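Below are the chains, spelled out letter by letter.
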Amino acid sequence: MMGIGTIFKKFLLARQIEMEKGRISIVGIRSANTSTSTLISIQEEVIKTLGDEGAKLLYNAGKVGGVELAKTMGKVMGLSGLKMAESLATGCTQMMGWGIVSVIKCDLKACTASFKVEDSPLSLKRYKKAFCHVERGQIAGAMEIIFNHKVDAIEIRCKSLGHHFCQFEIKPTEEFDSNDKLVREQLPADDIIKAKKKRPK
Ligand SMILES: [Zn+2]
């Protein structure tokens, strides 16, 4: 397993981390460091205004970043499949401050995976529902590239609910049951309907 220090050094040596002239780039992706209080406040305001629809919006925004990161990591590091999933989890996302991420299981054929995140930066307060929507989206977006199949993720455990860690379950979009409570709360209903229609009979 590649530790956070190792991957940081590797990235520095390969000039994959650049900090100059007001810009931070990691594997060529421009980043902007911000405090967790800003991130949490953005999420709180969106959810307060839009409810579950806000959670889905935040999730979709996270997905954009996850897709970009996995595509870029694939090009820059030449990784794919399980190696890519593990490298993103144990190296890249930790280096970016998104908690201790680990792959519990990953089935490339079934396009299913389970991720554990200890100490998610979004889960510092208590809420009535799982709260790590941006991180959930990032994981789903990255796995969509790794699986080369449309997938989604739901958060089944969250530190914000008092669990010891957050846990994300990923599977093909068409396999989610829109009547399930967590699916209703966390995933855009239209995407599931569209994916089910596309599924080969
Ligand atoms: Zn969480």
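Before reading on, note that the structure itself is shown above.
This text gives an overview of the structure that appears in the document. Every value quoted in this text rests on a predicted model; they were computed, and no experiment measured them.

1. As for the pairing of strand 4 (residues 100–107)
And then number 1: Across 7 bridges, the pairing between strand 4 and strand 5 (residues 112–118) is antiparallel. In the sheet register, Ser 102 faces strand 5, and the bridge partner there is Lys 116.
And then number 2: If you look at the hairpin formed by strand 4 and strand 5, you'll find 4 residues sitting between the two strands, and Cys 111 has a positive phi there, around 55 degrees.

2. Re helix 4 (residues 81–95)
For the α-helix, the turn length of 3.6 residues means that residues three or four positions removed from each other point alike.
And then number 1: If you check helix 4, its first and last C-alpha atoms are 20 Å apart, about what 15 residues at 1.5 Å a residue would give, namely 21 Å.
And then number 2: Remark: the principal bend of helix 4, roughly 40 degrees, maps to Leu 88.
And then number 3: Of all the residues in helix 4, the buried ones are Met 84, Ala 85, Leu 88, Ala 89, Thr 90, Gly 91, Cys 92, Thr 93 and Gln 94.

3. Some details on the nonpolar core
And then number 1: Counting 40 residues, the largest nonpolar core has Ala 70, Leu 88, Ile 139, Ala 142, Met 143, Ile 146 and Ile 170 as the members making the most contacts within it.
And then number 2: Mapped by element, the contributors of at least two residues to this core are helix 3 (52–77), helix 4, strand 4, strand 5, helix 5 (133–147), strand 6 (151–157) and strand 7 (166–172).
And then number 3: Element by element, the count of residues in this core is highest for helix 5, at 8 residues.
And then number 4: Apart from residues no more than four positions distant in its own chain, Ile 139 is found in contact with Gly 66, Phe 115, Ala 153, Phe 168 and Ile 170.

4. Section: unusual backbone geometry
For residues besides glycine, phi is generally negative; the peptide bonds are generally trans as well.
And then number 1: Within the chain, Lys 21 stands out as a residue other than glycine whose phi angle is a positive 50 degrees.
And then number 2: Its place among the elements puts Lys 21 in the loop between strand 1 (17–20) and strand 2 (23–26).

5. Considering the packing of helix 2 (residues 36–50) against helix 3
And then number 1: For the pair helix 2 and helix 3, the least separation of the axes is 6 Å and the interaxial angle reads 140 degrees. In terms of orientation, helix 2 and helix 3 fall into the oblique class. Residues Gln 43, Val 46, Ile 47, Thr 49 and Leu 50 of helix 2 touch helix 3, and the partners they reach there are Glu 53, Gly 54, Ala 55, Leu 57 and Leu 58.
And then number 2: Each residue belonging to the contact of helix 2 with helix 3 can be placed in one class, and the counts come to 6 nonpolar, 3 polar and 1 charged.

6. Observations regarding the pairing of strand 2
The side chains of a regular strand alternate, residue by residue, between the two faces of the sheet.
And then number 1: Here strand 1 pairs with strand 2 via 4 bridges, running antiparallel. Bridge pairing in strand 2 links Glu 20 to Arg 23.
And then number 2: If you look at the hairpin formed by strand 1 and strand 2, you'll find 2 residues sitting between the two strands, and Lys 21 has a positive phi there, around 50 degrees.
And then number 3: Where strand 2 lies against strand 3 (residues 29–31), 3 bridges are found, and the strand directions are antiparallel. Bridged to Ser 25 within strand 3 is Arg 30.
And then number 4: Remark: 2 residues form the turn of the hairpin made by strand 2 and strand 3, two consecutive strands paired antiparallel; Val 27 in that turn has positive phi of roughly 40 degrees.

Basis of the calculations
Residues numbered from 1 in each chain as written. Predicted model: local features only at pLDDT ≥ 70, side-chain atom pairs only at ≥ 80, totals over all residues. Pairing = 2+ DSSP bridges. Helix = DSSP H or I, 4+ residues; strand = E, 2+ residues; numbered from the N terminus. Expected span 1.5 Å × (residues − 1). Bend = angle between axes of the 7 residues up to and from the residue. Buried ≥ 20, exposed ≤ 12 C-beta atoms within 10 Å, placed from the backbone. Core = buried A, V, L, I, M, F, W, Y, C linked by C-beta atoms within 7 Å. Contact = placed C-beta atoms within 7 Å. Axes fitted to C-alpha atoms, helices over the stretch in contact; angles between N-to-C directions. Parallel < 35°, antiparallel > 145°, perpendicular 65-115°, else oblique. Nonpolar A, V, L, I, M, F, W, Y, C, P; charged D, E, K, R; others polar.

Purely geometric numbers; function is a separate question.
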